[in-house]
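Here are the chains, one letter per residue:
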Amino acid sequence: EPEVTQTPSHQVTQMGQEVILRCVPISNHLYFYWYRQILGQKVEFLVSFYNNEISEKSEIFDDQFSVERPDGSNFTLKIRSTKLEDSAMYFCASSGQGRAQYFGPGTRLLVL
Amino acid sequence: GENVEQHPSTLSVQEGDSAVIKCTYSDSASNYFPWYKQELGKRPQLIIDIRSNVGEKKDQRIAVTLNKTAKHFSLHITETQPEDSAVYFCAASGGPDAGGTSYGKLTFGQGTILTVHP
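Definitions and cut-offs
Residues numbered from 1 in each chain as written. Chains lettered and ligands numbered in written order. Predicted model: local features only at pLDDT ≥ 70, side-chain atom pairs only at ≥ 80, totals over all residues. Heavy atoms only, no water. pLDDT = per-residue confidence, 0-100. Contact = heavy atoms within 4.5 Å. Pairing = 2+ DSSP bridges. Helix = DSSP H or I, 4+ residues; strand = E, 2+ residues; numbered from the N terminus. Axes fitted to C-alpha atoms, helices over the stretch in contact; angles between N-to-C directions.

## Considering the confidence of the model for chain B
Moving on, step 1. With 92% of its residues at a pLDDT of at least 70, chain B reaches an overall mean of 91.
Moving on, step 2. Note that residues 98-102 of chain B has pLDDT below 50 and, in this model, 12 contacts with residues that lie over four places away or in other chains.

Next comes the structure, spelled out in structure tokens:
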């Protein structure tokens, strides 16, 4: 069964550094999402993406965040200048014509 | 925006008992309600979902009920097993926007830690 994949699984970075989190959505899916989960808390929506543009974004998704689909398979989340409070698990998800969103295994980001 | 409240925050049952987790939502436009199971350090895994045009859906030991009038929905797990132990999240989502560009973000509840004791 196809699954969403994400790399890296863990990322440690210094405050102020740029990070790029990568995702490969399920191949025939058209809708892509990023969520984050701070340790012990609920999953929070960041951004949705369709047809090469952002469909919706949350208040968390400020100017420091950007998303891109650089080719036919990858979907990336960039944080330009990381802050301590960006430390979280970041999940990519994708959905097809149905409503179901399937999540990747996550990237645990630690900002020091 | 949408707000989803989930109760209880922790639930402890004996193997073989039933478990019920309840969620309420605030936005009457929400029309899709998935449930996710998340084991420690793993991805949220979709276990069942329901759309607003039905009141109940069942898949083996798992069922979900929806009351649109009261804006609440519940997850029922029967004959619980130790491997059901995990964090369960409910979520709510609105429909595609007018341009069909999004199936809508998921707004999650706070999660329920379910522990099934052998």
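## Focus on the sheet that holds strand E1 (residues 4-7) of chain B
Residues and elements named next belong to chain B.
Moving on, step 1. Taken together, five strands build an open sheet; the order of strands is E1-E3-E8-E7-E6 and the sheet is antiparallel. Both outer strands of the open sheet, E1 and strand E6 (56-59), are each paired with one neighbouring strand and no more. Strand-to-strand twist in this sheet, taken as the mean axis angle between neighbours without regard to direction, amounts to 15°.
Moving on, step 2. Summarising the sheet, strand E3 (residues 19-25) and strand E8 (residues 72-77) pair through six bridges and their orientation is antiparallel. Its bridge partner lying in E8, Cys-23 is registered against Phe-73.

## A few points about unusual backbone geometry
Moving on, step 1. Residue Pro-8 of chain A follows Thr-7 of chain A across a cis peptide bond; omega there is -10°.
Moving on, step 2. Here Pro-8 of chain A is to be found in the loop between strand E1 (5-7) and strand E2 (10-13).
Moving on, step 3. Cis peptide bonds are those with omega within 30 degrees of zero, and the linkage from His-7 of chain B to Pro-8 of chain B qualifies with -5°.
Moving on, step 4. With respect to the helices, strands and loops of the structure, Pro-8 of chain B is situated in the loop between E1 and strand E2 (10-14).

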